[in-house]
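# Fold and geometry: a report
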Amino acid sequence: MELVGRSHEGRGSGDVAKHELSQDIKTHFRVCRFIIETGVKLRMRSMPVATACALYHKFFESADLPAYEPYLVAMAAIYLAGKVEEQHLRARDIINVCHRYFKPGCEPLELDGKFWELRDSVVHCELLILRKLNFQVSFIHPHKYLLHYLLSVRGLLNRHACARTPITETAWALLKDSYHGPVCVRHRPQHLALSVLYLAMNSYGVELPAGEAEWWQVLCEDVTKAEIDAIVSELMELYNMEARCT
Amino acid sequence: MDRDLLRQSLSYHGQSLFSLLRSEQIENPDFNSIAADLSKSVPQRDAPGGTSIVEQFVARKADLLFSPSWKSTSIVQYELQEETSEPYAVMPPLEQFMEVPEQERKDLFYRDVERGDVIIGRITSIREFGFFVALICTGGGLERDVEDLELTALCPIREVPSTRSHDDPLSYYQIGDLIRAGVKDVDRYQEKITISLHLSSLCPSMGKTKLGVISKEDLPLHYSRGASDCCESYEKILESSLGFSNPTNVDVLLVKLGIDETLSPSLMRGLQKKHFLEEDFADNIRKKQSASWALKCVKTGVDHFKAGRHVEAMNEYNKALEIDTNNVEALVARGALYATKGSLVKAIDDFELALETCPSHRNAKKYLCQTLVERGGQLEEEKKLVTAEGLYKKALTLDDSFREAEDALRKLQMHIQKTLKLREQEMAKEQEKAKTVETSAEKLRKILKEEKRMKRKRRRSSSSSSSSSSSDATSSSSSRQKSKKKKHKRRHSSHSHKKRQRRVSSHGYRSDEEDAEESYPAPANTSASFINQKHAVAQLFEDERSQGMSKSSGSFCASSAAEVLEDSRGRFEDDPFECSPCPAEPGKAKDRHGDKERVAHSDHRKSDTPHMVCKKRVSSTSESSAHRRYSSSSAGSEYSHKSETQSRDIHSQGMSSHRWSDADKKESRDSRRSEGNGHRSCNDYSQKSRRFSEGGQKKELPSNLVDIFSQIAQFEKEKSTKQKK
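Residues numbered from 1 in each chain as written. Chains lettered and ligands numbered in written order. Predicted model: local features only at pLDDT ≥ 70, side-chain atom pairs only at ≥ 80, totals over all residues. Heavy atoms only, no water.

An unreviewed UniProt entry lists chain B under the name S1 motif domain-containing protein, with Denticeps clupeoides as the source organism.

As recorded by an unreviewed UniProt entry, chain A carries the name Cyclin-Q and is attributed to Denticeps clupeoides. According to its UniProt record, chain A has this under Sequence similarities (unreviewed entry): "Belongs to the cyclin family. Cyclin-like FAM58 subfamily." For chain A, the Function (unreviewed entry) comment in UniProt is given as "May be an activating cyclin for the cyclin-associated kinase CDK10." (UniProt positions renumbered as here; feature names shortened; annotations may be inferred.)

As C-alpha cells, then:
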C-alpha cells in the first residue's frame, strides 16, 4: 500500500510484548490523530469524526495490526462514518486529503489508474470493516449527553460566572480529544460525558452547590467516583502520549 | 492569560497547583507576569481529594485553558423557549434532583435572578396598590423552580397595563391567577422582588413573551416536568424526552451553548488551529485537482480542433467544463470553437464568462474583440445598428488597439450621423408640408376611387396594360411637368435612364398624390446626392416613410405595390399583400420585381454588401415567385433604413417598372439588359437580370433612351388629361 509512510516504522522484531503493546498503542494513537486531522480538513462535524474513531477502535479490538493496514482502515472508517452520520463525503476528497497528509505540499493526484486503485481499496476496506463489526456501525455518542449535562449545570451557575468560565469549550475539546484512544468505546457514553465535564469543571475550580447528592451522581446514577477518576486518568494519559508519539 | 480564571482555579486547588503551574509554565511570559499577583491569593491548603493528575493537566495546559481566546465570544442570550417544539430535552432544574437545601436555593435564586427575567407566579392577594404573587418558577432562560421557597413578589399598580374596558386594571385579575411577569427590580438584601407586566421590563430578546394571565398549559416545560415526576431520575426523564431523540439536537445545542465547530477546539498541541494549512483542506485540493483534470481535457480538445474534428473537440470541452465549471481555458477554447462554427452569440457568452473569472486572459480578450467585431458586422447587415455600435465600443474598451473595431465603429457612427442628419432635415421639411399632406391625401383618395372604378372596368377588358400605362403616363407626365428640373439633373446622371424614370415615376406618383411642388426632399436629393451618398436615398425613403408617409405613405407604399401588380395606381384600400398573388400577371409581376430589383441595384451601385444582401433576398424571393413575400417585404419593410430605402426604391421602381412593362415590355427588357450590362460589378445582380431577361418574354427591346422618355411624357399627358376629367 503506497500510502503507508510511517505505520511500520519502529517495529522491532522479537520485542517484549509490552513494548509491542505500547507500539501498537502508539500506532493507534497516530492513526486516530490522522483521522481527526483529516476530519478537520474535510470539515466534518464532531459526530462523524467520533464515529470514524469508534469504528477504528472497534475494528482493532478484534483485528491484529500486522494483518491490516491501519491507515487504510482509517480512511475507510472515515468514508463509512460519513455515511452513517449523514455527512456524506466523497472518496475523492478523502483520497486527496490523505495523499497530501503523507506527502505534504505535493500536487493533487491525477485521474489515472493509481487513483482508481486507491479508490477501490478504500471501498473494499469499507466492506471489510462492515463485516468485521457485524454491520453494527451506529454508535451512541457521549456528545448529546454532554451537551444536555452542560445545560443543566449551567442552570445552576450564575450566568455571568458561567460566561466567564469556558467550561463548555473545554469540555467539548476534552471529549473530542478522548477519541485518540479506545476509552471512547470502553465506557458508557454517559460516563464519558460526565467525566469530561467533571474534569472541565475541576480544571477551572468551578463549584456547584452541594445537595443531598453530588451533581454528577444526579446526572448519571450508575456512575461512581472511582469510575470518573479512572476515565479522567485515561484522558490524561492520552495527553501524555501526545508528547511521546508525535 | 485570564487572571480571574487562574485565581479561581488556584483558589480551588490550592498551593500544589500553583507550584505545578510555576514549574510547567516557566517559559510562558504571560504567566510570569501575573505569577506574583497570584501567589498572594493562593490559599495555603491543598485541594479536596487527590486531584494531582488534574492539577498536572491544568498546569501543563494552562496556556490553552486560560487563554482569553478560549472563551466563547458570544454571550448566550436567554431566549424564550417555544414550548411546542422541543429540539432538545428540556430538563427540570438540577437543584431539584440534587435536593439542595432550601436556604441555599433561596440564596442561589437571589444571586441569579436579575432584572429582565421572566417569572411566573400565582396571585395571592390583591390590594389597591397592586397585587402579590407567590413565585412558582422562572420562565425563559433561567430555569429555577422556587415554588416551595415561598417567595413573594409585588406587582405595583403602575406596572399593570391598563385595559380599556376596565376602569381599574386590577379588577381584571383574580386571586389564584397564574401570572407571567417580568422582573423589574430585585432587592437581595431585603429579599424583595418587584415585577411588572409591561413588556418593557423584559430584555429585548424576550420580546415575544406574553405577560399577564396565563393558563396551566403555558407553564414552562422544565417546571411541569419537574413537578409531575419528582421521583424520576434525571436520566430517566432525559431519555424519555422527545427532544433527546432528535438527531439534530447536538447541532441545536452547540448553537445554544455557543460552541463553534469550525474552530475545532482541542487541547492537543498538534491539533491547534494554527497548524492547519488552508491548502490542505479538501475543497481546496479538489479545486486544484479539477482544474488540472479539466486542463487535460482541454488539451485533447484543442488537438481535435486543430485536426478539424470539431465534434470531438466540443465533447472534450464540455467534459472539461463538467469537471471544472468556469474553467477559463475550457471556456476560451469552446468560445473559439463556437466562433469558428459561426455561433457568435454563444462564443461571446463563453469569452465573457472566462473574462469574469480571469480578467487578464490575453487570448480571451483577443478572441472576444474579434468575435464582437464580427458580430457587429452581422448586426449591421441585419440593420441593428445601435446594437452593432454597442458591440464595437465594447470591443474597443477591451482592446484599444484593435484596428478593425475602430474602423468599423467609425464607419457605423458616420452612417448613424448621416441618418440622424437627414432625419432632422426631414423633420424640418415635414413641418412645412404638414398642411399639404392632408389636402393631398384627400385629393389622392378621390383620384384613387376613380382609378378603382376604372381599374375594375379595365380588368374585365383584357387590354389592361394600355389603360394602366395611360394612367401611368398621365401620372408620370404630370409629375414630369413638375419636376423638369429634376429630370434634367437625372439626365446628367450617367447611371441609367431607368433611374430617372424611376425618379420621375416616383416623383410623379408623389406629386399626384400631393400637389406640393416641393414634394419630398427625396427626389430633390436623390438626383444629385443619390449618386454620391449611398445611403442618402435610403435615408430619404426611410424618412418619408417614417414621417408623413407613415400614414399616407404607408398606404402609398401599399398602394404602390398594389399598383405594381394591378398595373394601375395603388389603391388605398387594397392590401398590398392581396395584390401580390395576382394571378393574371405573374410574369409581369416578376418582371416588375426584376425591374425593381435591378433599379435598386442601379441605385445603390456603390452600396456594399448589405444592399447586395437585400437585393439577393429580393431577387431570391421574386425568383421563387413569392410575390407576396416580396411585396410584403417591400411594402411593410421591417429592415432598417437601408432596407427601407431599398424597398422605397423598389416601390418607386416598381411603379416605374410596372409602367415600363405596361408601356413596353421590350423597353423594360432592354433597360434591364442595359442595367445588367452596366453593373457588372454586381455579379448576382447581373446574373439575376440575365435570368430575368431570359425568363421573361423575349421581345425586341428599343435601345433608345429618348424613345422611352417620350413615351413617359405621353403617359403623363394622358394621365393628366384623365385627371382633369
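## Looking at the overall build of chain A
Along chain A, the regular secondary structure elements total 12 helices and 0 strands. Ordered by position from the N terminus, the helices and strands of chain A form the series α-α-α-α-α-α-α-α-α-α-α-α. With 246 residues in all, chain A has 63% of them scored as buried. Across chain A, the fraction of contacts at a sequence separation of at least 24, relative to all contacts at a separation of at least 6, is 77%. With an accessible surface of roughly 9600 Å², chain A has 51% of that area assigned to carbon and sulfur atoms. (Helix = DSSP H or I, 4+ residues; strand = E, 2+ residues; numbered from the N terminus. Buried < 20%, exposed > 50% of the residue type's maximum accessible area, 1.4 Å probe, protein only. Contact = heavy atoms within 4.5 Å. Areas by Shrake-Rupley, 256 points an atom, 1.4 Å probe, with all protein chains shown as cover.)

## Some points on the pairing of strand E4 (residues 178-187) of chain B
Residue and element names in this part refer to chain B. Buried residues dominate E4, accounting for 7 of its 10 residues. Relative to strand E6 (residues 212-214), E4 runs antiparallel, the two being bridged by 3 bridges. Within the sheet, the bridge partner assigned to Arg180 lies in E6 and is Gly212. Hairpin connection from E4 to strand E5 (residues 192-196): 4 residues lie between these consecutive antiparallel strands, with Glu191 at a positive phi of about 55°. (Pairing = 2+ DSSP bridges.)

## Overview of the UniProt feature "repeat: TPR" (unreviewed entry) in chain B
The positions UniProt marks with the feature "repeat: TPR" (unreviewed entry) are residues 294-327 and 328-361 of chain B. With 82% helix and 0% strand, the stretch residues 294-327 of chain B has end C-alpha atoms that lie 7 Å from each other.

## Points about a positive patch on the surface
Taken together, the side chains of Arg445, Lys449, Arg453, Arg456, Lys457 and Arg460 of chain B make up a positively charged region of the molecular surface. Within the secondary structure layout, Lys457 of chain B lies in helix H18 (residues 434-460). (Patch = residues over 30% accessible without salt bridge, like charges linked within 9 Å, V, L, I, M, F, W, Y side chains within 5 Å. Salt bridge = Lys/Arg side-chain N within 4 Å of Asp/Glu carboxyl O. Lys, Arg positive; Asp, Glu negative; His and termini not counted. Charge placed at Lys NZ, Arg CZ, Asp CG, Glu CD.)

## Here's the deal with the confidence of the model for chain A
Low pLDDT means the predicted atomic positions in that stretch should not be read closely. All names here are of chain A. Scored by pLDDT, chain A has a mean of 86; 91% of the residues are at 70 or more. Ranking the elements of chain A by mean pLDDT puts helix H7 (residues 159-164) last, at 80, and helix H3 (residues 70-84) first, at 94. Note that residues 1-15 has pLDDT below 50 and, in this model, 23 contacts with residues that lie over four places away or in other chains. (pLDDT = per-residue confidence, 0-100.)

## Looking at unusual backbone geometry
In this structure, Arg43 of chain A takes a positive phi of about 60° despite not being glycine. Position of Arg43 of chain A among the secondary structure elements: in the loop between helix H1 (17-41) and helix H2 (46-62). On the basis of relative accessible area, Arg43 of chain A is assigned to the partly exposed category, the value being 43%. Although it is not a glycine, Glu150 of chain B sits at a positive phi angle of roughly 55°. Mapped onto the secondary structure, Glu150 of chain B falls in the loop between strand E2 (130-138) and strand E3 (152-156).

## A short note on the packing of aromatic side chains
Counted according to the given criterion, the structure contains 21 aromatic pairs over all chains. With centroids separated by 6.4 Å and ring planes inclined at 25°, the aromatic side chains of Tyr198 of chain A and Trp215 of chain A adopt a geometry described as stacked. A residue pair is termed long-range when its members are at least 10 positions apart, and Tyr198 of chain A in helix H10 (residues 189-204) and Trp215 of chain A in helix H11 (residues 215-219) qualify at 17 residues. In this structure Tyr198 of chain A comes out as buried when scored by relative accessible area, which is 13%. Residue Trp215 of chain A is classed as buried on the basis of its relative accessible area of 8%. In this structure an aromatic cluster arises from ring pairing among Tyr145 and Tyr149 of chain A together with Phe97, Tyr234 and Phe244 of chain B. Stacked on the ring of Phe244 of chain B, the Lys or Arg Lys144 of chain A has its end atom at 4.8 Å from the ring centre. (Phe/Tyr/Trp six-rings, centres within 6.5 Å; stacked < 30°, edge-to-face > 60°. Lys NZ or Arg CZ within 6 Å of the ring centre and 35° of its normal.)

## Regarding the confidence of the model for chain B
Residues and elements named next belong to chain B. For chain B, per-residue confidence averages 68 on the pLDDT scale, and 60% of positions sit at 70 or higher. For the stretch residues 467-483, pLDDT sits under 50, and the model shows 85 contacts to residues farther than four places along the chain or on other chains. Considering only residues more than four positions removed or in separate chains, one finds that residues 548-698, a stretch of pLDDT under 50, has 355 contacts. Here the predicted complex carries an ipTM of 0.82, next to a pTM of 0.64.

## Observations regarding the side chain of Asp177 of chain A
In this fold, Asp177 of chain A is placed in helix H8 (residues 167-177). Although Asp177 of chain A is buried, it makes no salt bridge; Arg33 of chain A carries the closest opposite charge, 6.6 Å away. Among the polar contacts made by the side chain of Asp177 of chain A, one reaches the main-chain amide nitrogen of Leu267 of chain B at a distance of 2.7 Å. When near neighbours in sequence (up to four residues on either side) are disregarded, Asp177 of chain A contacts Leu238 and Tyr239 of chain A together with Ser266, Leu267, Met268 and Leu271 of chain B. (Polar contact = N/O pair within 3.5 Å; in protein donor to acceptor, adjacent residues only side chain to side chain.)

## Considerations on the nonpolar core
One finds Tyr149, Leu197 and Trp215 of chain A together with Leu94 of chain B to be the most contacted residues of the largest nonpolar core, which totals 142 residues. With 11 residues, H3 of chain A is the largest single contributor of residues to this core. Each of domain 1 (2-132) and domain 2 (143-244) of chain A contributes no fewer than three residues to this core. Each residue touching Leu94 of chain B, except ones within four places of it in the same chain, is listed here: Ser152, Val153, Leu156, Trp215, Val218 and Leu219 of chain A together with Tyr234 of chain B. Ranked by size, the runner-up nonpolar core spans 38 residues in total, among them Ala339, Ile348, Ala354 and Ala405 of chain B. (Core = buried A, V, L, I, M, F, W, Y, C linked by side-chain atoms within 4.5 Å. Domains from an automatic or database assignment.)

## Remarks on helix H1 (residues 3-13) of chain B
Residues and elements named next belong to chain B. Taken as a whole, H1 has its buried residues at Leu5, Leu6, Ser9, Leu10, Tyr12 and His13. An end-on view of H1 places all buried positions within 160° of arc, on one side of the element. Count one or two residues on from H1 and you reach Gly14, which has phi positive near 95°. (Arc of directions from axis to C-beta.)

## Notes on the interface of chain A and chain B
Contact residues are listed per partner, giving 78 residues for chain A and 77 residues for chain B. Note on chain A versus chain B: buried area summed over both sides is about 7300 Å², and carbon and sulfur give 59% of it. The largest contributions to the chain A side of the interface with chain B come from Arg92, His148 and Arg159 of chain A, which together make up 10% of the buried area. The salt bridge partner of Arg100 of chain A is Asp280 of chain B, with a shortest N-O separation of 2.5 Å. The interface formed by chain A and chain B contains 34 residue pairs in polar contact (both at pLDDT 80 or more). (Buried area = accessible area lost by both parts, 1.4 Å probe.)

## Here we look at the packing of H10 of chain A against H1 of chain B
In a pair of packed helices, the angle between the axes and the distance between the axes together describe the arrangement. Axis separation between H10 of chain A and H1 of chain B bottoms out at 6 Å; the angle between their running directions is 100°. In terms of orientation, H10 of chain A lies roughly perpendicular with respect to H1 of chain B. Along the contact surface, H10 of chain A presents Asn202, Ser203 and Tyr204 of chain A, while H1 of chain B presents Leu5, Gln8, Ser9, Tyr12 and His13 of chain B. For the contact of H10 of chain A with H1 of chain B, the residue count by class is 3 nonpolar, 5 polar and no charged. (Axes fitted to C-alpha atoms, helices over the stretch in contact; angles between N-to-C directions. Parallel < 35°, antiparallel > 145°, perpendicular 65-115°, else oblique. Nonpolar A, V, L, I, M, F, W, Y, C, P; charged D, E, K, R; others polar.)

## Considering the side chain of His187 of chain A
Considering the arrangement of structural elements, one finds His187 of chain A in the loop between helix H9 (183-186) and H10. Beyond its immediate chain neighbours, meaning those up to four positions away, His187 of chain A contacts Glu227, Ile231 and Glu234 of chain A.

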